[in-house]
Amino acid sequence: DFAGGTLTGNGEFGLPFVNNGATVAPGRNIGVLQFPSFTQTTGTLSVEVGRGISGTNTDLIRVTGNASVAGKLKVRLLPGVGTNDQYVVLTTTARTGTFNPIEQPANGVVEAAYSTTNVVLNLKELFQGSAPTITAEPIDLTLNTGGSGSFHAAVTGSDPITFRWQKNGADI
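Predicted, not measured: the structure shown is a model, and the values here were computed from it. (Residues numbered from 1 in each chain as written. Predicted model: local features only at pLDDT ≥ 70, side-chain atom pairs only at ≥ 80, totals over all residues. Heavy atoms only, no water.)

Visitor: I keep staring at the pairing of strand β9 (residues 72-77) and nothing clicks. Help me out?
Guide: Regular strands have side chains that alternate between both faces of the sheet. Burial along β9 is one-sided: the face carrying Leu-73, Val-75 and Leu-77 is buried and the face carrying Lys-72, Lys-74 and Arg-76 is not. Examined bridge by bridge, β9 and strand β12 (residues 102-103) share 2 bridges and lie parallel to one another. Its bridge partner being in β12, Leu-73 is matched across the sheet by Ile-102. (Buried < 20%, exposed > 50% of the residue type's maximum accessible area, 1.4 Å probe, protein only. Helix = DSSP H or I, 4+ residues; strand = E, 2+ residues; numbered from the N terminus. Pairing = 2+ DSSP bridges.)

Written as C-alpha cells, this is what we have:
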C-alpha cells in the first residue's frame, strides 16, 4: 500500500499493488511495470508517450490479474507523436473504474478510452508551436585566444527549434 512518494523504473512485482496517494511513473522515457493486481484509489499514474524503446512507444502498466483505476492520469507527450495516434497505457485481464482527472500535456489534448482489458490514450490534438523547454543547458567554457570549443544543449518543444549562441549580446 503506497501512500506517498514515487515508484518509477521498469520491472515485475510479485505482490499486488495499491496506490493510495503515490505517483506511479513507469520507466524514464518509456518503461513497463508489471503487477499481479493493480488498484489506484487516489494518487497519480504518470505516463510518457511518443517514442519507442524495445518495441513499445508508451509507458505501460501490465497487470496479469485485475486492475481498478481512479485518481489522476498525467500525460506527457514525447517527440514522435501524431494526431490520432493511440497508446495503450494499461493492460489487464479485467479493468474497472476510470481516471479522473486526466492532466493534459502542455502540447496536446488526449482522451482516454476504456475497455474491459485496456486503457488507451487517443491523441486528439497536437499543438504546433508549443514553447521550447531547455532540458540540458550548455556548460561554461574558457579558452585560450585562438582556441576552439563547442557547446551542447538539449531542448524539447514543437519544430522548428533553432539555437543562437551569443556572448555579451553578439552572435558567436
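Visitor: Before we go on, may I ask you to explain a nonpolar patch on the surface in this structure?
Guide: Residues Leu-141, Leu-143, Phe-151 and Ile-172 make up a contiguous nonpolar surface patch of about 380 Å² in total accessible area. Looking at the secondary structure, you find Leu-143 in the loop between β15 (133-136) and β16 (154-156). (Patch = residues over 30% accessible without salt bridge, like charges linked within 9 Å, V, L, I, M, F, W, Y side chains within 5 Å. Areas by Shrake-Rupley, 256 points an atom, 1.4 Å probe, with all protein chains shown as cover. Salt bridge = Lys/Arg side-chain N within 4 Å of Asp/Glu carboxyl O.)

Visitor: Quick question: what am I supposed to make of the pattern of salt bridges here?
Guide: Side chains that differ in charge, positive against negative, can pair when their charged atoms come close. Counted under the stated rule, the structure contains 2 salt bridges. In this structure, the salt-bridge partner of Arg-76 is Glu-48, at a minimum N-O distance of 2.4 Å. Of this pair, Arg-76 sits in strand β9 while Glu-48 is found in strand β5 (residues 38-53), placing the two residues 28 residues apart along the sequence. Of the residues examined, Glu-48 reaches a relative accessible area of 14% and is grouped as buried. Taking the shortest distance from any N to any O, the salt bridge between Glu-103 and Lys-72 comes out at 3.1 Å. Pair noted here: Glu-103 is in strand β12 and Lys-72 is in strand β9, with a separation of 31 residues, a long-range link. Judged by its relative accessible area of 30%, Glu-103 is partly exposed.

Visitor: Can you help me understand the environment of Thr-44 in this one?
Guide: Considering the arrangement of structural elements, one finds Thr-44 in strand β5. Sequence separation between Thr-44 and Ile-102 is 58 residues; the distance between their C-alpha atoms is 9.6 Å. For Thr-44, the contacting residues outside a window of four places in its chain are Asn-19, Ala-22, Thr-23, Val-24, Lys-72 and Lys-74. (Contact = heavy atoms within 4.5 Å.)

Visitor: Which parts of the structure should I look at to understand the pairing of strand β4 (residues 32-35)?
Guide: Sheet topology note: the strand β2 (residues 11-12)/β4 ladder contains 2 bridges and is parallel. Paired with Glu-12 across the two strands is Gln-34, which belongs to β4. Bridge count between β4 and strand β7 (residues 60-63): 4 bridges; the pairing is parallel. Looking at the pairing, Phe-35 lines up with Val-63 of β7.

Visitor: What should I look at first to understand the sheet that holds strand β14 (residues 118-126) in this one?
Guide: Pairing between the strands of a sheet is mediated by backbone hydrogen bonds and can be parallel or antiparallel. Strand order in this open sheet of 6 strands is β2-β4-β7-β10-β14-β13, and the pairing throughout is mixed. Only two strands of the sheet have a single neighbouring strand rather than two, namely β2 and β13 (108-114).

Visitor: Just checking my understanding: could you explain the side chain of Asn-122 for this structure?
Guide: By secondary structure assignment, the location of Asn-122 is in strand β14. Side chain to side chain, Asn-122 and Gln-86 meet in a polar contact 2.8 Å long. (Polar contact = N/O pair within 3.5 Å; in protein donor to acceptor, adjacent residues only side chain to side chain.)

Visitor: When you look at the nonpolar core in this model, what are you seeing that I'm missing?
Guide: Generally speaking, nonpolar side chains in soluble globular proteins are found buried as a group. Among the nonpolar cores identified, the biggest contains 26 residues, and Phe-38, Val-49, Ile-61, Val-75 and Leu-121 are the most heavily contacted of them. For this core, the leading source of residues is β5, giving 4 residues. In this structure, Ile-61 is in contact with Val-24, Pro-26, Leu-33, Phe-35, Phe-38, Leu-45, Val-89, Leu-90 and Thr-91, ignoring residues within four places of it in sequence. (Core = buried A, V, L, I, M, F, W, Y, C linked by side-chain atoms within 4.5 Å.)

Without other data, these values stay purely geometric and don't point to any function.
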